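Understanding the architecture of this molecule
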Amino acid sequence: MKTLLHISDLQKELRASLDGNKSIGFVPTMGAIHSGHISLIKRSKQENDITVCSIFVNPIQFNSEVDLTGYPRMIEQDSKALIREEVDFLFAPDVVEMYPPGEETQLDIDFGRLDKVMEGKHRPGHFKGVAIVVNKLFDIVKPSRAYFGSKDFQQLTIIQHMTESLKLPVEIVPCKTIRESDGLAMSSRNLKLTIGERQVASEIYGVLMFTKANADSIPVRKLQVIAQKRLAENRAFQVDYFEIVDKRTLLPINTWNEPEQIIACTAVNIGGIRLIDNMELFS
Ligand code: PAF
């Protein structure tokens, strides 16, 4: 694996590797590589000639300085994991490389309600920051396919929307959420939980499974309230939201009429660590 810190060096390497019409698979990350990331990398390796992974803790998608500075950074350990997976190129730029002073970082896309609901309500500006960096990374790497985990379902929807709106020549490949043995969705943020918090965190998965088991037999709005209450019963949890929404619009639904479009999404704070998860209720 070659590690490149500069855009021009990465592009030089990619040009040299891309004779004929080789495909590039791209896995953008913020590091603290876990089995969820590894599953994206494995898929990219299967489907492409070259796999590029990026590690960049993107400051403009954080809402708080404390969250940004506290985000786990472990580049050496991450590099070893990526070498084991035979990633071809690691792109690990610093903030100045990605956002040179004086350079415009705007992106003119209307996401409609997609970036205003759920996470958008609690993290204003977050998805704009994600869209800007992903668009920039796509422009640098020019991937044939890019791989995103479904745990961040709203992020995935917004990236798909951006790709369609800007007609970007990249296929967005959604990949299924990878879970710990007790059901907790893999996330870099799990590293920040205390042992006690980690033990109760799997209750998020428990409530999603409960919701799935009861979908169709309890009216939607009632089930949503019950699920939210179940989460809130845990004294360690501060529930930001639990919503049952349409996958296309991310807006709350009122009936079980289009089962294949229905997903439950939630965000819970445990000891100041914000965990999100979701589950399709009829798949
Ligand atoms: O999901 C993430 O890790 C980040 O939001 C992403 C897509 C790498 C953009 O910074």
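The structure contained in this document is the topic of the report that follows.

Cut-off values and rules
- Chains are numbered independently. Their residues run from 1 in the order of the written sequence.
- A pLDDT threshold of at least 70 governs which residues receive local features in this predicted model, and a stricter bar of 80 or more applies before side-chain atom pairs are shown or counted, although totals over entire chains, interfaces and linings include all residues.
- Neither water nor hydrogens contribute to the side-chain values; these are computed over all heavy atoms in the structure.
- Axes here refer to lines fitted to C-alpha atoms; in helices the fit is confined to the stretch in contact. Angles between the N-to-C directions go from 0 to 180 degrees.
- For the purposes of this entry, the term helix denotes a DSSP run of H or I that reaches at least four residues, the term strand denotes a run of E that reaches at least two, and both are numbered from the N terminus.
- If an angle is under 35 degrees, it is roughly parallel; if it is over 145, roughly antiparallel; if it lies from 65 to 115, roughly perpendicular; otherwise it is oblique.
- For any pair of crossing helices, the crossing counts as left-handed if the nearer helix is rotated counterclockwise from the farther one by less than a right angle, and right-handed if it is rotated clockwise.
- Every residue pair with non-hydrogen atoms within 4.5 Å of one another is taken to be in contact.
- In the scheme used here, Gly and all other residues not listed as nonpolar or charged are polar, with Ala, Val, Leu, Ile, Met, Phe, Trp, Tyr, Cys and Pro taken as nonpolar and Asp, Glu, Lys and Arg as charged.
- DSSP-based pairing: two strands are paired if at least 2 bridges between them are found.
- Note on definitions. A residue lies near a molecule or strand when any single heavy atom of the residue is within 4 Å of it.
- Polar contacts, as used here, are pairs of N or O atoms within 3.5 Å; protein pairs need one atom able to donate a hydrogen and one able to accept it. Residues neighboring in sequence count only if both atoms are side-chain atoms.
- Helices are assigned an expected span. That span is 1.5 Å times one less than the residue count.
- Each residue is assigned to one of three classes by its accessible area relative to the maximum for its type, calculated with a 1.4 Å probe on protein chains only: buried under 20%, partly exposed between the two thresholds, exposed over 50%.
- What counts as a salt bridge is simple: a side-chain nitrogen of Lys or Arg found within 4 Å of a carboxyl oxygen of Asp or Glu.

**Topic: the packing of helix α7 (residues 126–141) against helix α8 (residues 153–165)**
One can describe the packing of α7 onto α8 by two numbers: an axis separation of 10 Å at closest approach and a directional angle of 55°. It follows from the interaxial angle that α7 and α8 lie oblique. As α7 runs across α8, the sense of the crossing is right-handed. Residue-level contacts link Phe127, Val130, Ala131, Val134, Asn135 and Phe138 of α7 to Gln154, Gln155, Ile158, Ile159, Met162 and Thr163 of α8. When the residues that make up the contact of α7 with α8 are grouped by side-chain class, the tally is eight nonpolar, four polar and no charged.

**Quick notes on the sheet that holds strand β4 (residues 89–91)**
Spatial strand order, β1-β4-β3-β2-β5-β6: six strands in an open sheet with parallel pairing. The strands lining the two open edges of the sheet, one partner per strand, are β1 (2–4) and β6 (171–175). With direction set aside, neighbouring strand axes in the sheet form an average angle of 25°. Strands β1, β2 (24–29), β3 (50–55) and β4 of the sheet are contacted by helix α1 (residues 7–17), whose axis makes an angle of about 160° with β4. Of the strands in this sheet, β3 and β4 touch helix α4 (residues 75–84), which is tilted by about 165° from β3.

**Re the site of the ligand**
Taken together, Pro28, Thr29, Met30, Asn58, Gln61, Val133, Phe148 and Gln155 make up all the residues around the ligand. One nitrogen or oxygen atom from the side chain of glutamine 155 is found 2.7 Å from an oxygen atom belonging to the ligand. Counted by class, the shell around the ligand contains four nonpolar, four polar and no charged residues.

**Here's the deal with the sheet that holds strand β9 (residues 273–280)**
Read from one edge of the open sheet, three strands run β7-β8-β9, paired in antiparallel fashion. Only two strands of the sheet have a single neighbouring strand rather than two, namely β7 (237–246) and β9. Between one strand axis and the next, the sheet turns through 15° on average, direction left out of account. Of the pairings in the sheet, the one linking strand β8 (residues 262–270) to β9 comprises eight bridges and is antiparallel in character. Each bridged residue has a counterpart across the sheet, and for isoleucine 270 the counterpart in β9 is isoleucine 273.

**Quick word on α8**
Under the 1.5 Å per step criterion, the end-to-end length of α8 is 18 Å for 13 residues, consistent within 8% with the ideal 18 Å. If you check which residues of α8 are buried, you get Phe153, Gln154, Gln155, Leu156, Thr157, Ile158, Ile159, Met162 and Thr163. Summarising the contacts, the buried residues of α8 are in contact with α6 (119–122), α7, β5 (145–149), β6, β8 and β9.

**Digging into the pattern of salt bridges**
Applying the stated criterion across every chain, the model contains 16 salt bridges. Here glutamate 47 and arginine 43 are joined by a salt bridge, their closest N and O atoms 2.8 Å apart. Taken together, the residues glutamate 47 and arginine 43, both in helix α2 (residues 35–47) and four residues apart, mark about one turn of the helix. The partly exposed category is assigned to arginine 43, whose relative accessible area is 30%. Lysine 142 is paired through a salt bridge with aspartate 139; the nearest N and O atoms lie 3.7 Å apart. In this structure aspartate 139 comes out as exposed when scored by relative accessible area, which is 52%. Shared partners join several salt bridges into a network, and the residues in it are Glu119, Asp240 and Arg274.

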